[in-house]
Amino acid sequence: MKYKIYGPPGTGKTKELEKVAIKSGLLPEKIAFVSYTNAAVNEMKNRMLEQGWKEEDLKYFKTQHSMNCHLLGVDTKKIAVNILHKFAEKHKYKFSLKF
């Protein structure tokens, strides 16, 4: 069963998704929540955590960008580092990054 809910800000999309997720009977790790913004993803994660779900169950609650990278098997940190290295090289900046 797939749900897609569209609407402008403030129309209750997240609240409706919360109801659907809880009532669906699906295991939490089988549910994906994808949005354009970190704020929306974090809001939904917080609501699910308040319902007793565990952080590890929310592995598919992601922004569209991070979900695409996840599906492609691409490490987003490596992409950012490569872009920064190329920029630094081009503009003759010293660049170092530690994780």
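This is a predicted model, so every value here is computed, not measured.

Draft legend 1. The arrangement of the packing of aromatic side chains in detail. Under the counting rule described, the total for this entry stands at three aromatic pairs. An angle of 80° between the planes, with centres 6.5 Å apart, marks the rings of tryptophan 53 and phenylalanine 61 as edge-to-face. Each member of the pair, tryptophan 53 together with phenylalanine 61, is buried. Between phenylalanine 87 and tyrosine 93, the ring centres sit 5.9 Å apart and the planes meet at 25°, which makes this aromatic pair stacked. Judged by its relative accessible area of 46%, phenylalanine 87 falls in the partly exposed class. Given the relative accessible area of 51%, tyrosine 93 is considered exposed.

Draft legend 2. Just the side chain of lysine 62, in detail. Note on placement: lysine 62 falls in strand S2 (residues 61–63). Of the side chains bearing the opposite charge, glutamate 55 lies closest to the buried lysine 62, which forms no salt bridge; the N-O distance is 9.6 Å. Setting aside residues up to four positions removed in sequence, lysine 62 forms contacts with Phe33, Val34, Ser35, Val41, Met67 and His70.

Draft legend 3. View of a nonpolar patch on the surface. On the surface, Leu72, Val74, Ile79 and Ile83 cluster together to form a nonpolar patch covering roughly 360 Å² of accessible area. Mapped onto the elements, valine 74 comes out in the loop between helix H3 (64–72) and helix H4 (76–90).

Draft legend 4. The arrangement of the layout of surface pockets in detail. Considered as a void within the structure, the largest pocket measures approximately 1100 Å³ in volume. Tyr3, Ile5, Leu17, Phe33 and Val34 are, among the 31 residues lining the largest pocket, the residues nearest its centre. Listed by contribution, the elements that provide at least two residues to the lining of the largest pocket are helix H1 (13–23), strand S1 (33–35) and helix H2 (38–50). Tallying contributions element by element places H1 first for the lining of the largest pocket, with six residues. A breakdown of the residues in the lining of the largest pocket according to their chemical character gives 17 nonpolar, eight polar and six charged.

The rules we used
- Residues numbered from 1 in each chain as written.
- Predicted model: local features only at pLDDT ≥ 70, side-chain atom pairs only at ≥ 80, totals over all residues.
- Heavy atoms only, no water.
- Phe/Tyr/Trp six-rings, centres within 6.5 Å; stacked < 30°, edge-to-face > 60°.
- Buried < 20%, exposed > 50% of the residue type's maximum accessible area, 1.4 Å probe, protein only.
- Helix = DSSP H or I, 4+ residues; strand = E, 2+ residues; numbered from the N terminus.
- Lys, Arg positive; Asp, Glu negative; His and termini not counted.
- Salt bridge = Lys/Arg side-chain N within 4 Å of Asp/Glu carboxyl O.
- Contact = heavy atoms within 4.5 Å.
- Patch = residues over 30% accessible without salt bridge, like charges linked within 9 Å, V, L, I, M, F, W, Y side chains within 5 Å.
- Areas by Shrake-Rupley, 256 points an atom, 1.4 Å probe, with all protein chains shown as cover.
- 1 Å grid on protein atoms, 1.4 Å probe; cavity = no way out; pocket = protein on both sides within 12 Å on 5 of 7 lines; lining within 4 Å.
- Points joined across faces, edges and corners; volume = space filled by probe spheres on them.
- Nonpolar A, V, L, I, M, F, W, Y, C, P; charged D, E, K, R; others polar.

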